[in-house]
Amino acid sequence: MNDTEYMGLALQLARNGCGHVNPNPMVGAVLVKDNRIIGQGYHERYGAPHAERNALACCTESPAGATLYVTLEPCCHYGKTPPCTEAVLKSGICRVVIGSHDPNPLVAGKGIELLRGQGIEIAEGVLKAECDRLNEVFFHFIGTGKPYVVMKYAMTMDGKTAAYTGASKWITGETARRRVHEDRGRYSAVMTGVGTVIADDPLLTCRMEGGRNPLRIICDTKLRTPHSSQIIATAHRIPTIIATACKDLQVHQPYIKAGCRILPVSQKDGYLDLKELMVKLGEEKVDSILLEGGGILNWSALQAGIVNKVQTYIAPKLLGGAAARSPVAGIGVPHPDDAFFLTNSIITCLGEDILVESEVQSNVHRNY
Ligand SMILES: NC(=O)c1ccc[n+]([C@@H]2O[C@H](COP(=O)([O-])OP(=O)(O)OC[C@H]3O[C@@H](n4cnc5c(N)ncnc54)[C@H](OP(=O)(O)O)[C@@H]3O)[C@@H](O)[C@H]2O)c1
């Protein structure tokens, strides 16, 4: 096997940490000596040992003289665990092959320099694009202090998210819906608007075996989430935040009693200020959000510039209806040149349905 293949294996290992390490990165490590794998590991959960230490801990023979393949630059600072560079130096490893640089200001190239300064041979950038993509959430969060937001919606081939009656169950098939549940377990939080809570009465849980429920966030400017909704009925056992501009403590009371947390957010143009909400959630270490809103909230989120990625599930169906809803509402842009441009699209077939995942171009000047 060559460097790329061993790094591919380290990437596979890293993915096992998905949904368990936030707001830390997913990292995988493989130790190789004389072309034999002698140890492997990954960062398993937040606060637990890093991938390099796990690989060293399960070595089948002495790591002296071995090569370490690691998807992210080894850390060189004391956090919840001691620096991995220390463990690497102590072990006698003589070569380190790295995928991504660590943008954490406490590391940012210093881990590589420290190892190189001690005579360790370093190879950088192996499978870099794949390693960077694996940790897009971590890179965004460490750089901005705000959550990485993935706007997700399901629509028919004629661009409808519900029939003209408002009925929306189900647009997509089982395979696509299973993928949504996987993503709910992967991101820290799921967020929707009070409009969707009223229309669909969703639970917004991760219904996968062994899956982790995300924090649920409801955007509710005036605090009108129905007390009888499934979200409120389950708030005692599933963490739930209602973000609101309502300051009336008496109106808060029944929600708090039901187990919800009220998060005060300022009002802007009649709705919640989503930029302020992102700052507040980032301060609480919410590194990622799956936005499962209706068209009204989706438009506001795009306008506020908080959306990083769009996931469009497309079902091979046509619903018709001039009044049937589409995934992004609001006033819209006046001209195609003013569009929100998407890039780096990846297309996946999920049963009969298609998933298109694209990044939102953030540096486009909008003139409306
Ligand atoms: N197919 C899909 O993927 C999918 C997903 C979700 C929803 N849906 C469908 O979408 C429909 C509901 O859409 P919707 O647009 O009415 O619901 P929504 O976008 O989920 O909620 C909109 C409401 O959120 C509140 N809100 C709070 N802060 C906001 C902000 N900054 N910007 C915008 N809104 C904010 C507003 O009510 P307040 O002013 O009272 O706060 C607003 O009316 C339903 O038919 C549902 O089935 C489909």
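Up top you'll find the structure we're talking about.
Residues numbered from 1 in each chain as written. Predicted model: local features only at pLDDT ≥ 70, side-chain atom pairs only at ≥ 80, totals over all residues. Heavy atoms only, no water.

### Some points on the environment of Asp183
Step number 1: Note on placement: Asp183 falls in helix α7 (residues 174-186).
Step number 2: Residues Asp183 and Gly125, spaced 58 residues apart in sequence, show a C-alpha to C-alpha distance of 28 Å.
Step number 3: Not counting chain neighbours up to four residues away, the residues in contact with Asp183 comprise Leu290, Gln311 and Tyr313. (Helix = DSSP H or I, 4+ residues; strand = E, 2+ residues; numbered from the N terminus. Contact = heavy atoms within 4.5 Å.)

### Things to note about the packing of helix α3 (residues 84-91) against helix α4 (residues 110-117)
Step number 1: Where α3 meets α4, the axes come as close as 10 Å, and the angle between the chain directions of the two elements is 20°. Classified by the angle their axes make, α3 and α4 are roughly parallel. The chirality of how α3 crosses α4 is right-handed. Of the residues in α4, those touching α3 at Thr85, Val88 and Leu89 are Gly111, Leu114 and Leu115.
Step number 2: By residue class, the composition of the contact of α3 with α4 is four nonpolar, two polar and no charged. (Axes fitted to C-alpha atoms, helices over the stretch in contact; angles between N-to-C directions. Parallel < 35°, antiparallel > 145°, perpendicular 65-115°, else oblique. Left-handed = near helix turned anticlockwise from the far one by under 90°. Nonpolar A, V, L, I, M, F, W, Y, C, P; charged D, E, K, R; others polar.)

### Thoughts on the site of the ligand
Step number 1: In the vicinity of the ligand lie 28 residues, with Thr196, Asp200, Thr221, Arg224 and Ser300 positioned nearest.
Step number 2: Taking Thr161, its main chain carries an N or O atom lying 3.3 Å from a nitrogen atom of the ligand.
Step number 3: Here Ser168 contributes a side-chain N or O atom positioned 3.2 Å from an oxygen atom of the ligand.
Step number 4: Among the secondary structure elements, those contributing two or more residues to the shell around the ligand are β6 (148-156), β7 (189-193), α8 (194-200), β12 (271-272) and α12 (295-304).
Step number 5: No other element matches α8, which puts five residues into the shell around the ligand.
Step number 6: Classifying every residue of the shell around the ligand by side-chain character gives 10 nonpolar, 12 polar and six charged. (Near = heavy atom within 4 Å. Polar contact = N/O pair within 3.5 Å; in protein donor to acceptor, adjacent residues only side chain to side chain.)

### Focus: the pairing of strand β9 (residues 240-244)
Step number 1: Burial analysis of β9 places five of its five residues in the buried class, the great majority of the element.
Step number 2: Taking every second residue as pointing to the same face, both faces of β9 are buried, with Thr240, Ile242 and Thr244 on one and Ile241 and Ala243 on the other.
Step number 3: Bridging between strand β8 (residues 215-219) and β9 involves four bridges; their strand directions are parallel. Paired with Ile217 across the two strands is Ile241, which belongs to β9.
Step number 4: With four bridges joining them, β9 and strand β10 (residues 261-264) adopt parallel strand pairing. Its bridge partner lying in β10, Ile242 is registered against Ile262.
Step number 5: As for the winding sense of the linkage, the β-α-β connection from β9 through helix α10 (residues 249-257) to β10 is right-handed. (Buried < 20%, exposed > 50% of the residue type's maximum accessible area, 1.4 Å probe, protein only. Pairing = 2+ DSSP bridges. Right-handed = clockwise from strand over helix to strand, strands pointing away.)

### Overview of the sheet that holds strand β5 (residues 121-123)
Step number 1: The sheet built from five strands is open, its strands ordered β2-β1-β3-β4-β5 with mixed pairing. One side of each edge strand has no neighbouring strand; the edge strands of this open sheet are β2 (36-42) and β5. Strand-to-strand twist across the sheet, computed as the mean angle between neighbouring axes with direction ignored, equals 20°.
Step number 2: Bridge count for strand β4 (residues 95-100) against β5 is three bridges, and the pairing is parallel. Paired with Arg95 across the bridge in β5 is Glu121.

### Examining the sheet that holds β10
Step number 1: The sheet built from nine strands is open, its strands ordered β10-β9-β8-β7-β13-β6-β14-β16-β15 with mixed pairing. Each of the sheet's edge strands pairs with one partner strand only, and the pair in question is β10 and β15 (342-350). Across the sheet, the mean angle from the axis of one strand to that of its neighbour is 25°, orientation sign disregarded.
Step number 2: As paired elements, β6 and strand β13 (residues 288-291) share four bridges and run parallel to each other. By the bridge assignment for β13, Val149 is matched with Ile289.

### A word on helix α11 (residues 274-283)
Step number 1: Along α11, the residues that are buried comprise Leu274, Leu277, Met278, Leu281 and Gly282. Viewed end-on, α11 has its buried residues packed into an arc of 135°, placing them on one side of the element. Set apart from the buried face of α11 by more than 90 degrees, the exposed residues are Lys275 and Glu283.
Step number 2: Downstream of α11 by one or two residues, Lys285 has phi in the positive range, about 65°. (Arc of directions from axis to C-beta.)

As far as function goes, none of this settles anything; it's purely spatial.
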